[in-house]
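Each chain is listed here by its residues.
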Amino acid sequence: MIGVDSLTVVYTNADFISLNDGNDIYSVMVTHGKKIEYLGFSIPLCYDSERVVDLGGGAVVPLISDRVLEEYRHSRCSMLAMGEQADFAVFDKNPYKDAEAKIKAVYVKGKIKSK
């Protein structure tokens, strides 16, 4: 049986905010367990047979904690317990561009925690 941490998932249809110095935005993110393996603009051929999740046009911010979410321009998240960390959060809009962005979902250990 394969554990959650060994699964590779391809996420599409969102703005994936890299959190590097330029906050570059990509259109595809591939994770393997809790690790981001790839950020880019198309799905590499080596991931063609992996599970694909369509995030519905939102914006994704990686490595989110309860404290970070509270700092996102009035975004509130009761989905994470104090001190808990998520793989990433999906917003309805890019929180860097729109102060009214709201959290749609939070992924913890490769699984959606809420919607």
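Coordinates for the structure precede this section.
Here's what I pulled together on the structure shown here. (Residues numbered from 1 in each chain as written. Predicted model: local features only at pLDDT ≥ 70, side-chain atom pairs only at ≥ 80, totals over all residues. Heavy atoms only, no water.)

1. Brief notes about the packing of aromatic side chains
In total, this model carries 4 aromatic pairs according to the counting rule given. Centre to centre, the rings of Tyr26 and Phe41 are 5.2 Å apart; their planes meet at 45°, and the pair counts as tilted. Taken as a pair, Tyr26 in strand β2 (residues 25-32) and Phe41 in the loop between β3 (35-40) and β4 (51-65) lie far apart in primary sequence, 15 residues in all. Ring centres 4.6 Å apart and planes at 20° place the aromatic pair Phe88 and Tyr107 in the stacked group. Of this pair, Phe88 sits in strand β5 (residues 85-91) while Tyr107 is found in strand β6 (residues 103-108), placing the two residues 19 residues apart along the sequence. Judged by its relative accessible area of 3%, Phe88 is buried. (Phe/Tyr/Trp six-rings, centres within 6.5 Å; stacked < 30°, edge-to-face > 60°. Helix = DSSP H or I, 4+ residues; strand = E, 2+ residues; numbered from the N terminus. Buried < 20%, exposed > 50% of the residue type's maximum accessible area, 1.4 Å probe, protein only.)

2. So, the pairing of strand β1 (residues 8-17)
Counted residue by residue, β1 has 8 buried out of 10 residues, so it is predominantly covered. One ladder, built from 7 bridges, connects β1 with β2; its direction is antiparallel. Paired with Phe16 across the strands is Tyr26, a residue of β2. (Pairing = 2+ DSSP bridges.)

3. So, the pairing of β3
Here β2 runs beside β3; their pairing, made up of 5 bridges, is antiparallel. Residue pairing in the sheet places Thr31 in a bridge with Ile36 of β3. Remark: 2 residues form the turn of the hairpin made by β2 and β3, two consecutive strands paired antiparallel; Gly33 in that turn has positive phi of roughly 65°.

4. Examining the nonpolar core
Ranked by size, the top nonpolar core spans 13 residues in total, and within it Tyr11, Phe16, Leu55, Val60, Phe88, Val90 and Tyr107 carry the most contacts. Elements that contribute at least two residues to this core include exactly β1, β2, β4, β5 and β6. With 4 residues, β1 is the single largest residue contributor to this core. Beyond its immediate chain neighbours, meaning those up to four positions away, Leu55 contacts Tyr11, Thr12, Asn13, Ala14, Phe16, Val60, Phe88, Val90, Lys104 and Tyr107. Among the nonpolar cores identified, the runner-up in size contains 10 residues, and Val61, Ala89, Ala101 and Val108 belong to it. (Core = buried A, V, L, I, M, F, W, Y, C linked by side-chain atoms within 4.5 Å. Contact = heavy atoms within 4.5 Å.)

5. A closer look at the side chain of Thr8
In this structure, Thr8 sits in strand β1. On the accessibility criterion, Thr8 (14% relative accessible area) is buried. Separated by 2.6 Å, the side chains of Thr8 and His32 make a polar contact. Residue contacts for Thr8: discarding those within four places in its chain leaves Val30, Thr31, His32, Tyr47, Glu50 and Arg51. (Polar contact = N/O pair within 3.5 Å; in protein donor to acceptor, adjacent residues only side chain to side chain.)

6. Some points on the pattern of salt bridges
Using the criterion set out here, one finds 1 salt bridge in the structure. In this structure, the salt-bridge partner of Asp98 is Lys93, at a minimum N-O distance of 3.6 Å. (Salt bridge = Lys/Arg side-chain N within 4 Å of Asp/Glu carboxyl O.)

7. Notes on the environment of Tyr26
For the pair formed by Tyr26 and Tyr38, sequence separation is 12 residues and the distance between their alpha carbons is 9.9 Å. Once residues lying within four places of it in the same chain are set aside, the contact partners of Tyr26 are Ala14, Asp15, Phe16, Ser18, Leu39, Gly40 and Phe41.

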